[in-house]
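Remarks on the overall topology
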Amino acid sequence: MPVSAQQLAADLEIFGLNCEKAMIDKLVELCIVYGQNEEGMAGELVAFVSTHKVNLTPETLCSFEHEFLSKRLSKARLSAPKDSGHAGARDIISIQELIEVEEEEETLLNSYTTPSKGSQKRTITTPETPLTKRNVSMRSPHQLLSPSSFSPSATPSQKYNSRNNRGEVVTCFGSAQGVSWSGRGGVGDISLKVLGCPEPLTKSYKFMFQKLSDVREVLTCKIEELGIELKEHYKIEAFTPVQVPAQEPVTLLGQIGCDSNGKLNSKSVILEGDREHSLGAQIPVDLSELREYSLFPGQVVVMEGTNTTGRKFVATKLYEGVPLPFYQPTEEEGDFEQRMVLVACGPYTTSDSITYDPLLDLVTIINRDRPDVCILFGPFLDAKHEQVENCLLTSPFEDVFKQCLRTIIEGTRSSGSHLIFVPSLRDVHHEPVYPQPPFSYTDLAKEDKKRVQFVSEPCSLSISGAVFGLTSTDLLFHMGAEEISSNSGTSDRFSRILKHILTQRSYYPLYPPQEDMAVDYENFYTYSQLPVTPDVFIIPSELRYFVKDVLGCVCVNPGRLTKGQVGGTFGRLYLQRQPVAGEGRRSPCVAAQVVKI
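Cut-offs used in this document
- Residues numbered from 1 in each chain as written.
- Predicted model: local features only at pLDDT ≥ 70, side-chain atom pairs only at ≥ 80, totals over all residues.
- Heavy atoms only, no water.
- UniProt positions renumbered as here; feature names shortened; annotations may be inferred.
- Buried < 20%, exposed > 50% of the residue type's maximum accessible area, 1.4 Å probe, protein only.
- Helix = DSSP H or I, 4+ residues; strand = E, 2+ residues; numbered from the N terminus.
- Pairing = 2+ DSSP bridges.
- Salt bridge = Lys/Arg side-chain N within 4 Å of Asp/Glu carboxyl O.
- Core = buried A, V, L, I, M, F, W, Y, C linked by side-chain atoms within 4.5 Å.
- Contact = heavy atoms within 4.5 Å.

As named in an unreviewed UniProt entry, the protein chain is DNA polymerase alpha subunit B, taken from Chrysochloris asiatica. Recorded under Sequence similarities (unreviewed entry), the UniProt text for the protein chain is reproduced unchanged: "Belongs to the DNA polymerase alpha subunit B family." Of the comments in the UniProt record for the protein chain, the one headed Subcellular location (unreviewed entry) reads "Nucleus".

This is the structure:
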């Protein structure tokens, strides 16, 4: 039934509210959008004005819509039956889509008519200048993302906007001095291939069904597999059971553990033997004879020492782990041209705002520098954000995430850059299990399918033959809290932890995991092992950013795009595969920087 502007004005006059024609027209529009009649809308508006003790102005109408009507619509959508036959009230995203469809139809009609002599609003379409679908690539990212549609308090962060160190380079690696950081927007033959061990994770799986016996089986297999590699590398004759007394030095294989529920220390270390030699038995370890060591719970080690009583093992030597070989690319996997890769990790909003200003700034940088590949780590909608924790958003988490993705994909379309999306356990809308399946996004336009790729967490990705190890889990923080060391030759804690990850050949070698980690060990064994030693390892963390060369692998912590209420950092790299020559392997990462947003 049509809404009468005269009736609406008459209903408001009963309560002493006189409105201008423009405001009456706006109220008629709100009646249509939110499915209200004249009497109901007048009553709601009078109640809102009386409660907030404000005058009726255009600004009051905006507040009325965002603070009251949007919330009411959200509740109505949740309580409405899913199989209702009518369209019902629409949210702001669906309204935007309707507007775009109308614009398409109007444009189609205009193409069959003679343009007037007056001002022409649309570009004339010719074979030389074809009209792209919806002409979306010409729209600003600010038009694509509307925080007010999902948050009643979408005010920009003052601290973030007042920062004065934008674009400052905070750390460098390689020949980065004087380099002009710009790519070619994905032009040319770029090969993107996900590597698996034995296969990559491409879809969701059932979790929360694992048995303790299955977890034990996975841990046992890990001990035995690494034990075989260490035995062959160091030419060890045989391993001795951990509880068999011996007067001569013996060599034991096992996994480091803690004798209590507390934090590991030098007095609480135990060695849990493998199944083949020790039947999983445990023995306390005395580290007093070791001059230097670095240990953490879950680490598979080979130790040499004495075990005279069978009740305590005195370690005298700790064998170092052995990393996997590097990937050998084929001739079909790209060329030797220089490529630029940009990496950034969420959150993409500051802690005091949900306006996604840092994300919009990053989209601007991508369009300016046109990197060949952009690797974007979650969280895209952070489960730790105050407005998410307090349930203040008026739209479902999935809708906010889709609007965020749409902003990135359509906002960077003009750059031509390839986009790689890596999920995070902090993505509030996604499955909180490790390993984590890729995002599911069915609204991808046909023109974007070749340049957008969704991968799992963790993931090994080959970019024109250069292998990237990708993980959004803060493994540096998790392992740094558990690792113990003494007079280690590697004094840098980050380098020690990174070396452990590479030599343990796993994206998450810590056991037991952090309390907030839900690990499915059956899929962990299949999808979370390193297939090769990566050429570049991207490991974002809350800890300080860095770029380091560890065992020939360039390890980058680009930091997070936001740090609380202020701006954070992102990373950029130059790749150039070197022809294989007699002088041995050279890293394909020729330069890297970490930059302030």
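Looking at the pairing of strand S11 (residues 418-422)
In summary, the side chains of a regular strand alternate between the two faces of the sheet. Burial within S11 is extensive, with 5 of its 5 residues counted as buried. Of the two faces of S11, both are covered, the one formed by His 418, Ile 420 and Val 422 as well as the one formed by Leu 419 and Phe 421. Where strand S10 (residues 373-377) meets S11, 5 bridges bridge the pair, whose relative direction is parallel. Following the sheet pairing, Phe 377 is matched in S11 by Val 422. Across 3 bridges, S11 lies against strand S12 (residues 452-454) in parallel orientation. Opposite Leu 419, over in S12, you have Val 452 as the bridge partner.

Quick look at the pattern of salt bridges
Going through the model one piece at a time under the given rule, you end up with 19 salt bridges. Across the pair Glu 320 and Lys 499 runs a salt bridge, and its minimum N-O distance is 3.4 Å. With Glu 320 in the loop between strand S8 (313-318) and strand S9 (339-345) and Lys 499 in helix H14 (residues 493-504), the pair connects residues that are 179 residues apart, well separated along the chain. Classification of Glu 320 by relative accessible area gives partly exposed; the value is 47%. On the basis of relative accessibility, which here comes to 24%, the residue Lys 499 falls in the partly exposed class. Linking Arg 406 and Glu 410 is a salt bridge whose minimum nitrogen-to-oxygen distance equals 3.6 Å. Of the two residues, Arg 406 and Glu 410 both sit in helix H12 (residues 397-411), 4 residues apart, roughly one turn of that helix.

Comments concerning the nonpolar core
Residues Tyr 348, Tyr 356, Leu 362, Phe 380, Phe 421 and Phe 570 are the most contacted members of the largest nonpolar core, which totals 36 residues. When residues of this core are traced back to their parent elements, those giving at least two are S9, helix H10 (357-369), S10, H12, S11 and S12. The biggest single contributor to this core is H12, with 6 residues. Those residues within four positions of Leu 362 in sequence are excluded, and the remaining contacts are Leu 342, Ala 344, Tyr 348, Leu 376, Leu 561, Phe 570 and Ile 597. Counting 29 residues, the second-largest nonpolar core is a separate cluster that includes Leu 476, Phe 494, Tyr 507 and Val 519.

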